[in-house]
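Secondary and tertiary structure notes
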Amino acid sequence: MPVAKGPTHQMIPNVLSIAGSDPSGGAGIQADLKAISANGCYAMAAITALTAQNTQGVRAVELVPADFVAAQIDAVFADIRVDAVKIGMIGTGDIATAVADALRRHGARNVVLDPVMVAKGGNRLLSSEAVSVLIERLLPLAEVLTPNLPEAAALLAWAEPTEPLGMPALAEGLRALGPRHVLLKGGHLGGDDSPDYLCTEAGGHWLEGPRTATRNTHGTGCTLSSALAARLALTGDVLEAMRQAKAYVSGAIEHADELVVGSGHGPTHHLYALWRREQ
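What you are looking at is a predicted structure, and each value in this text was computed from that prediction instead of being measured.

Note that strand β1 (residues 14-21) and strand β2 (residues 42-54) share 8 bridges and pair parallel. When the bridges of β2 are listed, Leu16 appears paired with Met44. At this point the chain moves from β1, through helix α1 (residues 28-38), to the parallel β2, and the crossover so formed is right-handed. Two successive antiparallel strands, β2 and strand β3 (residues 57-63), enclose a turn made up of 2 residues.

Here's what the structure looks like:
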């Protein structure tokens, strides 16, 4: 008599975010957990910093000791298969070194690095001494680096482009520092479109997208990099993962005004595709 087989299940990837906490829920670890989950993966977190912030800005920051950040990462890798890693706010050179050492120690793969340097309100979130450590230790570990235009210009000490034509050279300059791919985000450009440029060893790819008229864009960088890490774990293809992640973020921004959160730059709607709406 044949033995009945149980249902087969596709493996759900596990994605670890290493970043700071945003108590208002729009950016940082909170945004990462939502974005990873919304994109079909199991979300985990190692916290690098506690912030006191809301939609109007950052009020205070308390950094987690570097050895404790490493202990969080070690605990996850010791017990759980990690299919992708997103790195966000690092804060200091010591934390950057601890994160780099831990990821090398565990052979982390599919690392997406979002170089969080300045908050939307203008508060600096990465110390000057940490920038060189980030460049020397973390960039070579990155499968994809995802800076916006101000961050990219600051990392290279170049002038910030004011039009899309200047983006490919900036992306190539960053890729020369070690990451396998660079996604240069064009959201800071003016105009009706929001073009991103993906720089790879084989060449460049433009990812076009319309700009949605809303001030609720808090945490879009965190959300995109987390969605990209999730989609990279699922597909194994950087270009396809980027297309899917950009489409997800565009939808989250498009539906952002359905939320009423704060009086400043509100969050995107991370779970727009999952929440049931009244007809």
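Now that the structure has been shown, the text picks up again.
Let's shift gears to the packing of α1 against helix α7 (residues 220-235). One can describe the packing of α1 onto α7 by two numbers: an axis separation of 8 Å at closest approach and a directional angle of 40°. If you check the angle between α1 and α7, you find them oblique. For the element pair α1 and α7, the recorded crossing hand is right-handed. Facing α1, whose interface residues are Gly28, Ala31, Asp32, Ala35 and Ile36, α7 presents Cys222, Thr223, Ser226, Ala227 and Ala230. Of the residues contributing to the contact of α1 with α7, the split by class is 6 nonpolar, 3 polar and 1 charged.

A few words on the packing of aromatic side chains. With the rule as written, the count across this model stands at 2 aromatic pairs. Taking the centre distance of 6.0 Å and the plane angle of 25° together, the rings of Tyr248 and Tyr272 count as stacked. In this pair, Tyr248 sits in helix α8 (residues 238-254) while Tyr272 sits in the segment after α8, placing the two residues 24 residues apart along the sequence.

So, on to the pairing of strand β4 (residues 84-87). Residues Ala84 and Lys86 line one face of β4 and the alternating positions Val85 and Ile87 line the opposite face, and both faces are buried. Across 4 bridges, the pairing between β1 and β4 is parallel. Note on β4: the bridge partner recorded for Ile18 is Ile87. Both β4 and strand β5 (residues 111-113) contribute to a ladder of 3 bridges, which runs parallel. The residue of β5 that forms the bridge with Val85 is Val111.

This next bit is on the sheet that holds strand β9 (residues 203-207). Ordered by their spatial adjacency, 9 strands build an open sheet running β3-β2-β1-β4-β5-β6-β7-β8-β9, and the pairing between neighbours is mixed. Whereas interior strands pair on both sides, the edge strands pair on one side only; in this sheet they are β3 and β9. Across 2 bridges, β5 lies against strand β6 (residues 144-145) in parallel orientation. The residue bridging Leu113 from the neighbouring strand is Leu145, located in β6. Along the sheet, helix α2 (residues 66-79) makes contact with β1, β2 and β4, crossing β2 at roughly 160°.

Criteria and thresholds
Residues numbered from 1 in each chain as written. Predicted model: local features only at pLDDT ≥ 70, side-chain atom pairs only at ≥ 80, totals over all residues. Heavy atoms only, no water. Pairing = 2+ DSSP bridges. Helix = DSSP H or I, 4+ residues; strand = E, 2+ residues; numbered from the N terminus. Right-handed = clockwise from strand over helix to strand, strands pointing away. Axes fitted to C-alpha atoms, helices over the stretch in contact; angles between N-to-C directions. Parallel < 35°, antiparallel > 145°, perpendicular 65-115°, else oblique. Left-handed = near helix turned anticlockwise from the far one by under 90°. Contact = heavy atoms within 4.5 Å. Nonpolar A, V, L, I, M, F, W, Y, C, P; charged D, E, K, R; others polar. Phe/Tyr/Trp six-rings, centres within 6.5 Å; stacked < 30°, edge-to-face > 60°. Buried < 20%, exposed > 50% of the residue type's maximum accessible area, 1.4 Å probe, protein only.

Just distances and angles here, no functional claims.
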